[in-house]
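# Summary of structural features
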Amino acid sequence: SQTHIAVVVGSIRKESFNRQFAEAFVKLAPADFKFSFVRIDDLPLYDQDADAAPAVPTVARLRDEIKQADGVLFVTPEYNRSIPGVLKNAIDQASRPWGKSVWAGKPTAVMGVSVGVIGTALAQQHLRNVLAYLAMPTLAGNEAFIQWKDGLVVNGEMGEQSKEFAQGIMDAFVAWVRKFPQAK
Ligand code: FNR
């Protein structure tokens, strides 16, 4: 049977390096892993007052997509040494109403691409803090602090120089997700 992973990219710009990397990365997965990219650019800003009413369609869609997933992959830029607001908004939206968080128990991994040399290390550390609170078992070690450069992704495929590194991360992620067969 198929293992389904929801991919959350923390950048909503069209030419996002993180999205380009994520799209090449998921091609390294085994055949029984299926990835779908979750849309976060059309979500309203989280407002606790909205929890009293039925979720608007975009929020309901996000919550449902995460709920149906066996695992979650976060690929995010670093904005001002943290995660982008759009990503935090999506995380908050799917964490409520209180007691109904769809994140809990989903195995996950964190990666990121930046134009700077520290490759989103600080953003990833902030994100790990959030994921710990959300009770998401998060892949440890296998850190992926990636700096964008020519050749990282070539025609939608992982570039030659990064392929072995990226494959190692994918293999670790797949093995991690397989440890949590009841996550859905
Ligand atoms: C950035 N960038 C950035 N890079 C970094 O390494 N550390 C940082 O703290 C920041 N801060 C930051 C804030 C804001 C508001 C912007 C717009 C950008 C640069 C960032 O790495 C670059 O814009 C990437 O291209 C963003 O990722 P995507 O959109 O290409 O996926």
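Where an unreviewed UniProt entry is consulted, the protein chain appears under the name NADPH-dependent FMN reductase, with the organism given as Ottowia flava.

With omega at 0 degrees, the peptide bond leading from arginine 96 into proline 97 counts as cis. For proline 97, the location among the structural elements is in the loop between helix H3 (85-93) and strand S4 (108-114). One non-glycine residue, asparagine 80, lies in the positive phi region at around 50 degrees. In this structure, asparagine 142 takes a positive phi of about 45 degrees despite not being glycine. For asparagine 142, the location among the structural elements is in the loop between helix H4 (121-133) and strand S5 (145-147).

Next up on the list: the sheet that holds S5. Taken in spatial order, the 5 strands line up as S2-S1-S3-S4-S5 in an open sheet, and their pairing is parallel. Where the open sheet ends on each side, the last strands, each with one partner, are strand S2 (33-37) and S5. Sheet twist, expressed as the mean angle between neighbouring strand axes with direction ignored, is 25 degrees. In terms of strand pairing, strand S3 (residues 71-75) meets S4 through 4 bridges, oriented parallel. Considered in S4, the bridge of phenylalanine 74 is made with valine 110. Strands S3, S4 and S5 of the sheet are contacted by H4, whose axis makes an angle of about 155 degrees with S4.

Moving on to the confidence of the model for the protein chain. Of all residues in the protein chain, 100% have pLDDT values of 70 or greater, and the mean over the chain is 97. Scored as a whole, the predicted complex attains pTM 0.98, and scored at its interfaces, ipTM 0.99.

Looking at where serine 101 falls in the secondary structure, it is placed in the loop between H3 and S4. For the pair serine 101 and leucine 134, spaced 33 residues apart in the sequence, the C-alpha separation amounts to 7.9 Å. When residues no more than four places from it in sequence are discounted, the contact partners of serine 101 are Ala94, Ser95, Arg96 and Leu134.

Among the residues of H3, those classed as buried are Leu87, Ala90, Ile91 and Gln93. Looking straight down H3, one finds its buried side chains confined to an arc of 165 degrees; they lie on one side. Here the buried face of H3 lies against strand S1 (3-9), helix H2 (57-67) and H4.

Before going further, it helps to examine the nonpolar core. Grouped burial of nonpolar side chains is what soluble globular proteins tend to show. The biggest cluster of nonpolar side chains holds 42 residues, and the ones touching the most others in it are Val8, Phe21, Ile66 and Val72. Elements that contribute at least two residues to this core include exactly S1, helix H1 (17-25), H2, S3, H3, S4, H4 and helix H5 (160-178). The contact partners of isoleucine 66, leaving out residues within four places of it in the chain, are Ala6, Val72, Ala94, Val102 and Trp103.

Reading the values: rules and limits
- Residues numbered from 1 in each chain as written.
- Predicted model: local features only at pLDDT ≥ 70, side-chain atom pairs only at ≥ 80, totals over all residues.
- Helix = DSSP H or I, 4+ residues; strand = E, 2+ residues; numbered from the N terminus.
- Pairing = 2+ DSSP bridges.
- Axes fitted to C-alpha atoms, helices over the stretch in contact; angles between N-to-C directions.
- Contact = placed C-beta atoms within 7 Å.
- pLDDT = per-residue confidence, 0-100.
- Buried ≥ 20, exposed ≤ 12 C-beta atoms within 10 Å, placed from the backbone.
- Arc of directions from axis to C-beta.
- Core = buried A, V, L, I, M, F, W, Y, C linked by C-beta atoms within 7 Å.

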